[in-house]
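# Report on the structure
Residues per chain are reported as follows:
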Amino acid sequence: NSSRVYASVQQLPSPSTSGSMDSERRVRELQEWNQVLQDLRQWELAEVSARQAELQAETRDRHALDMQRWVSHCEAVEAQTRRTFLDHEAYERQLGLQWEASERVQVQWEGFAAERFDRAQIEAEEDEEHMVLALEYLDISEDFGRA
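Okay, so let's go over this structure.

Basis of the calculations
Residues numbered from 1 in each chain as written. Predicted model: local features only at pLDDT ≥ 70, side-chain atom pairs only at ≥ 80, totals over all residues. Heavy atoms only, no water. Helix = DSSP H or I, 4+ residues; strand = E, 2+ residues; numbered from the N terminus. Buried < 20%, exposed > 50% of the residue type's maximum accessible area, 1.4 Å probe, protein only. Areas by Shrake-Rupley, 256 points an atom, 1.4 Å probe, with all protein chains shown as cover. Salt bridge = Lys/Arg side-chain N within 4 Å of Asp/Glu carboxyl O. Patch = residues over 30% accessible without salt bridge, like charges linked within 9 Å, V, L, I, M, F, W, Y side chains within 5 Å. Lys, Arg positive; Asp, Glu negative; His and termini not counted. Charge placed at Lys NZ, Arg CZ, Asp CG, Glu CD. Phe/Tyr/Trp six-rings, centres within 6.5 Å; stacked < 30°, edge-to-face > 60°.

Turning next to the overall build of the protein. Summing up its helical and strand segments, the protein has two helices and zero strands in all. The proportion of buried residues among the 147 residues of the protein is 4%. Carbon and sulfur atoms provide 56% of the accessible area of the protein, an area that totals close to 13100 Å².

Listed below in structure tokens is the structure:
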């Protein structure tokens, strides 16, 4: 488009300043110059439109890239949140298992303590019986010893 405008300008005669030029020729020259000016304006408008389109495309591309970065960031945050949540769930499960294990140990210790207490009580009763028998034996021994 710009080469066509340049070619048009090159073909135009320079405006004459002599008064001898007939009016028809003067009108034609002015019309030609007017056409060249219109072509230049259209060319400038086309250039401005093209530049605006380029800027819009650049803006659109930048916006798309920014959106892509934002989506990636959001996905990374979501993944980290999910990992944290899963870690927390695993920790809670581990605590639950530890709690259950400690309850089992407590029940075992209570059972062991009760069993130990029962055994100690039985041993004490047996010891008491042995003492009674020993005392009876001593009494019998003393009786035989006196006799």
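All right, on to the pattern of salt bridges then. Per the stated rule, a full pass over the model turns up five salt bridges. Among the salt bridges present, the one from glutamate 54 reaches arginine 51, with a minimum N-O distance of 3.0 Å. Of this pair, glutamate 54 and arginine 51 both sit in helix H2 (residues 23-146), separated by three residues, roughly a single helical turn. Arginine 51 sits in the partly exposed class, given a relative accessible area of 40%. Arginine 119 is the partner of glutamate 115 in a salt bridge, and the nearest nitrogen-oxygen pair spans 3.1 Å. With a gap of four residues between them, glutamate 115 and arginine 119 both fall in helix H2, about one helical turn apart. Given a relative accessible area of 46%, glutamate 115 falls into the partly exposed group. A relative accessible area of 34% means that arginine 119 is categorised as partly exposed.

Side chains of Glu123, Glu125, Glu126, Asp127, Glu128 and Glu129 sit close together on the surface and give a patch of like negative charge. Within the element layout of this structure, glutamate 123 appears in helix H2. Residue classification places glutamate 123 among the partly exposed positions, given a relative accessible area of 40%.

Looking now at a nonpolar patch on the surface. Among the surface-exposed residues, Val105, Trp109 and Phe112 lie close enough to one another that they form a single nonpolar patch of about 320 Å² accessible area. Looking at the element boundaries, phenylalanine 112 is found in helix H2. Classification of phenylalanine 112 as partly exposed rests on a relative accessible area of 41%.

Applying the stated rule across the entire model yields one aromatic pair. When the ring of tryptophan 109 is compared with that of phenylalanine 112, the centres are 5.5 Å apart and the planes differ by 90°; the resulting orientation is edge-to-face. Note that tryptophan 109 and phenylalanine 112 are positioned in helix H2 at a spacing of three residues, about one turn of the helix. According to the relative accessible area criterion, tryptophan 109 is exposed, its value standing at 56%.

These figures come from the coordinates and say nothing about function on their own.
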